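# Working through the structure, step by step
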Amino acid sequence: MDFSLNPEQQEIQDRARRFVDEVCMPLEAEWPLSDYDADPKVMAHLREKFTEFGFRGLAIPSEAGGKGAGTVAKCLIFEEFKRSWILFGNTVTWSAFLDPHPALWLAPAWQKEKYLQPILEGKTQYHICISEPGYGSDVAGIETTAVRQGDHFVLNGIKRWSPDPFHPFTAASYLLVYAVTDPGKGYKGISTFLVDWPSDGIEVMNVKETASPGSFLGRVADLKFDNVKIPAENLLGELNSGFKYVQDQLNRNRTVIAAGNVGSAKRALAIAIDYAKKRESFGAPLADRQVIQFRLAEMATEIEMSRALAYKAAWKIDQGMDARVEAAMAKAYCPKIACDVMDRTIQILGGVGVLRENRLPEAYFISRMSQIAEGSVEMMKMTVAKSLLGAWG
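Rules behind the numbers
Residues numbered from 1 in each chain as written. Predicted model: local features only at pLDDT ≥ 70, side-chain atom pairs only at ≥ 80, totals over all residues. Heavy atoms only, no water. Buried < 20%, exposed > 50% of the residue type's maximum accessible area, 1.4 Å probe, protein only. Helix = DSSP H or I, 4+ residues; strand = E, 2+ residues; numbered from the N terminus. Pairing = 2+ DSSP bridges. pLDDT = per-residue confidence, 0-100. Contact = heavy atoms within 4.5 Å.

## Focus: the pairing of strand 1 (residues 126–129)
The alternating pattern of strand 1 places Tyr126 and Ile128 on one face and His127 and Cys129 on the opposite face, and all of these are buried. Alignment of strand 1 against strand 4 (residues 174–180), held across four bridges, turns out to be parallel. When the bridges of strand 4 are listed, Ile128 appears paired with Leu176.

Right, dumping it as structure tokens:
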């Protein structure tokens, strides 16, 4: 068993660390509480530097136009990214977190040229449309339909939790829509479609702000598809294979979310350690008190446990192994530990910890949201339990 990084992975980690320390950290003091209030020129600069540092397409196979570095490498960069408040909300890094859909790796040349290559070049981003008003974790129950009519499909339904497609920071050039193409087959009757944005018949409704204004999901909306016609060739992958595709992508995304939360927890622990050393109470630094020492030790131990879970899942994905259980474990555990570490950091800092200038409350809510996004904690536990009980192979 070898826990060391190979030379390529080490270089990627070092590069991500430099990006955070040299590009992001100097901007933190002036960064607004909400990414949506950031200077567009500064945001554009960050995205340009992000591309310049070579972070796009890391986990995508080289034969598909990516760098072929794998999921472990992607986890390494997001663990580093989450050390910076600027990158906590993914507004800068969303198109790298949300790598092009795995089915696009093997897509026809024209689909790659139109929908894959611009993502790899950092020229655009896309939104995934899975959840609906009545269906979140229950992907197999979605009701949006795609009916074949000659040389096109007609989409009807409502999708929920889309990032605000009108805001320049979260704008997209296309949507990845999951819809029912064979109602009689259950989860085996769901397909995936590439839908250009904007398109006739798509209405943005119910734009709302979440408790994490600094995140990519700080402003969300419903998208209503009313007889939206899309060319039949915009079917992504095989007909009725959408559920398989979404599970593949969710496993990857869940693992990266887990690793990102490891980075968030590490930043909070560093703040707690620094404050405990400097803050004196009753004539001695907080760090001299055993209760604080034990709390810091517990936080550090839990972070290491989180990291082990996340990277085992990433390693299994890179080996082509079934990582559903490990990804679910990491997704359920790592965000929870990040929230716990931030909560205890706030407690150590006392009143200073709840000052908005310290960003800990915002960071906490972003990690709290990640206990829901891409699969709730409860659904992750159900996945693990089904494996233990032999409910699926």
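## Notes on the confidence of the model for the chain
Low pLDDT marks stretches whose predicted atomic positions should not be read closely. The predicted model of the chain averages 89 in pLDDT, with 95% of residues at 70 or higher. Here helix 5 (residues 94–97) stands out as the element of the chain with the lowest mean pLDDT, 60, in contrast to strand 2 (residues 145–149), whose mean of 98 is the highest.

## A short note on helix 6 (residues 109–120)
Quick reminder: α-helices carry 3.6 residues per turn. Residues three or four places apart thus point the same way. Listed as buried for helix 6 are Gln111, Tyr115, Leu116, Pro118, Ile119 and Leu120. Positive backbone phi, at 75°, marks Gly122, one or two positions downstream of helix 6.

## Points about the side chain of Glu362
Tracing the sequence through the fold places Glu362 in helix 10 (residues 360–369). Those residues in contact with Glu362 that lie beyond four places of it in its chain are Leu33 and Arg356.

## Some thoughts on the environment of Pro133
Here Pro133 lies in the loop between strand 1 and strand 2. Distance from Pro133 to Lys159, taken between C-alpha atoms, is 7.0 Å for residues 26 residues apart in sequence. Those residues in contact with Pro133 that sit more than four places away from it in its chain are Ile158 and Arg160.

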